[in-house]
Amino acid sequence: MKAIAAVTDANMDLHLNLKSNLPDGRKLLTFIRPGTESGLLLQMIKDLPFKHVSAKYLPLSRVQIFAAQDQSLWLNIFVYGEEKISPNFDPLIAGARILNYAQRIQSGEFVDDDTHPAINPLFEREGLIEYISKCSESFVARSNPQRFLTLRLLYEKV
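Residues numbered from 1 in each chain as written. Predicted model: local features only at pLDDT ≥ 70, side-chain atom pairs only at ≥ 80, totals over all residues. Heavy atoms only, no water.

Visitor: Is there a simple way to explain the pattern of salt bridges in this structure?
Guide: Side-chain pairing between opposite charges can occur once the charged atoms of the two side chains come close. Taken as a whole and judged by the stated rule, the model has three salt bridges. Of the charged contacts, one joins Lys134 and Glu130 as a salt bridge, the two residues approaching to 3.8 Å between their closest N and O atoms. According to the relative accessible area criterion, Lys134 is exposed, its value standing at 58%. Residue Glu130 is classed as partly exposed on the basis of its relative accessible area, which comes to 48%. Measuring nitrogen to oxygen at the nearest pair gives 2.9 Å for the salt bridge that ties Arg152 to Glu156. Placement of both Arg152 and Glu156 in helix 7 (residues 145-157) is noted, with a separation of four residues, approximately one turn of the helix. Classification of Arg152 by relative accessible area gives buried; the value is 8%. (Salt bridge = Lys/Arg side-chain N within 4 Å of Asp/Glu carboxyl O. Buried < 20%, exposed > 50% of the residue type's maximum accessible area, 1.4 Å probe, protein only. Helix = DSSP H or I, 4+ residues; strand = E, 2+ residues; numbered from the N terminus.)

What follows is the structure, given as structure tokens:
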């Protein structure tokens, strides 16, 4: 952060690409670019090094996108490679917030609120636990419960 502040204070454009390896073998690519003009994110995605036709292909597993409030800077993080499922992964613990939210939906707590998903058989506890157990622990633990259930509905459509 000090380096970014120094470059900004010197009135220079910051173009920075960082590559690192995570302990579990995944690759982390961080791109920092000045401005937030239209098309910049798409250009970064086109410039990503891993192509699906390559023998060295790693699947893109996470994207985090950040923009400065003053629109002066993008910081985007791309994670490649599959996250290993922990042998100690307990879907009841990692998914507790999701299961609680789903139970509240199923009980009708949000029935008159269009900002929440509607009651759905996919949100029944046992089926949801089975689905959660197929996801990575970090995805389950970090997901917003409402967004997780929305993704669950989309997954079923596919």
